[in-house]
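Structure at a glance
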Amino acid sequence: MTTPATPIHELPPHYQEVRLLVATEGRTLLWLNLAAIVPLVISLLLMDRWWHFVQGVRGVYGSEILDHMPWWGRLLAVALVLVITYTLHEWIHGLAIRWMGHKPRYGIRLDMGVMYATTDNAYFPRNAFLVIALAPLVVMTALGMTLMFFVSDALAYYIGLIVVLNASGAVGDLWMSWVVMRYPSYALVRDEADRIRIYMPGFKKEP
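Our subject in this report is the structure included herewith. (Residues numbered from 1 in each chain as written. Predicted model: local features only at pLDDT ≥ 70, side-chain atom pairs only at ≥ 80, totals over all residues. Heavy atoms only, no water.)

**Here we look at the overall build of the protein chain**
Convention followed: Helical segments are the DSSP runs of H or I of at least four residues, strand segments are the runs of E of at least two, and each set is numbered from the N terminus. Type-normalised accessible area, obtained with a 1.4 Å probe on protein chains alone, sets the label of each residue: buried when under 20%, exposed when over 50%, and partly exposed for intermediate values. In what follows, residue pairs with any heavy atoms lying within 4.5 Å of each other are defined as contacts. The accessible surface values rely on the Shrake-Rupley method and a 1.4 Å probe; as for residues, cover is taken only from the protein chains in view. Here Asp and Glu are counted as negative and Lys and Arg as positive; His is not counted, and neither are the chain ends. Think of each charge as sitting on NZ of Lys, CZ of Arg, CG of Asp or CD of Glu.
For the protein chain, the helix and strand inventory stands at seven helices and six strands. In sequence order, the protein chain lays out its α and β elements as β-α-α-α-α-β-β-β-α-α-α-β-β. Dimensions of the protein chain along its principal axes, counting C-alpha atoms only, are 65 × 40 × 25 Å. By the burial criterion, 40% of the 207 residues in the protein chain qualify as buried. Of all intrachain contacts in the protein chain linking residues separated by at least 6 positions in sequence, the fraction that spans at least 24 positions is 74%. When the accessible surface of the protein chain is summed, it comes to about 11900 Å², and 68% of that surface belongs to carbon and sulfur atoms. Positive and negative side-chain charges in the protein chain, numbering 16 and 15 respectively, have mean positions lying 6 Å apart.

The structure is reproduced here in structure tokens:
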């Protein structure tokens, strides 16, 4: 697999840590959970409009399956959607990490109820980290919206739900990306599952 740049396994000697972001820290985790409402609402509205657009293009297809599904069937479907959403999200993170020349490592923090994909002894240039952080949001949204043209209404409904849940769950990735984007392209980022460290040459750590 061709990588976009030479993988960095050791921090250059002139680089120093300037920022630490911890997504699972008490107050931060609370604010991220509250902030997740914003992409949830936006994606719900957009996917509702998109589904009506898809039906207008290809027509209604197999909606009676969804209309007559029992409550327990819907419950099982939602549970399956949750598993697929967060597993696929982390797997895409891992694919992006591998594309950058590093070996991904997957896990789950039961105390926080979060899954993660990370790697060890890896430092990513700013732009490489942004690709890794935003890959699940971009890929799953684009793929889900495209697939909805080719499946039944029942399946399209749950694919749309995956897109919505993934957008909401990507709030931590969006937050870290927003912070990292404020640094120049030569900044390096180390991912540590639920936190990242940002490094710059010859700078002191920010409070």
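**What to know about the sheet that holds strand S1 (residues 15-22)**
Definition in use: One requirement defines pairing of two strands: DSSP has to find at least two bridges between them.
On the basis of which strands lie adjacent, the open sheet formed by four strands has the order S1-S6-S5-S4 and antiparallel pairing. Edge positions in the open sheet fall to S1 and strand S4 (124-125), since each of these has one partner strand only. For S4 and strand S5 (residues 188-191), the ladder comprises two bridges, and the chain directions are antiparallel. If you follow phenylalanine 124 over to S5, its bridge partner there is valine 189.

**Describing the pattern of salt bridges**
Opposite charge on two side chains makes pairing possible when the charged atoms of those side chains draw close. Heads up, the condition is: Definition used for salt bridges: Asp or Glu carboxyl oxygen within 4 Å of a side-chain nitrogen of Lys or Arg.
Applying the stated criterion to the full structure yields seven salt bridges. Its salt-bridge partner being arginine 49, residue aspartate 48 comes within 3.2 Å of it at the nearest N-O pair. When its relative accessible area of 53% is taken as the criterion, arginine 49 is described as exposed. Via salt bridges that share partners, Glu17, Arg190, Glu192 and Arg197 belong to a single interconnected network.

**Describing the environment of glutamate 192**
Just so we agree on the cut-off: Under this definition, polar contacts are N or O atom pairs within 3.5 Å; protein pairs additionally need one hydrogen-donor-capable and one acceptor-capable atom, and for neighbouring residues in sequence, both atoms have to be side-chain atoms.
Position of glutamate 192 among the secondary structure elements: in the loop between S5 and strand S6 (195-201). Put simply, glutamate 192 and tyrosine 116 are 76 residues apart on the chain and 9.5 Å apart in space, counted from C-alpha to C-alpha. If sequence neighbours within four positions are ignored, glutamate 192 has contacts with Thr118 and Arg197. A distance of 2.9 Å separates a polar atom in the side chain of glutamate 192 from a polar atom in the side chain of arginine 197.

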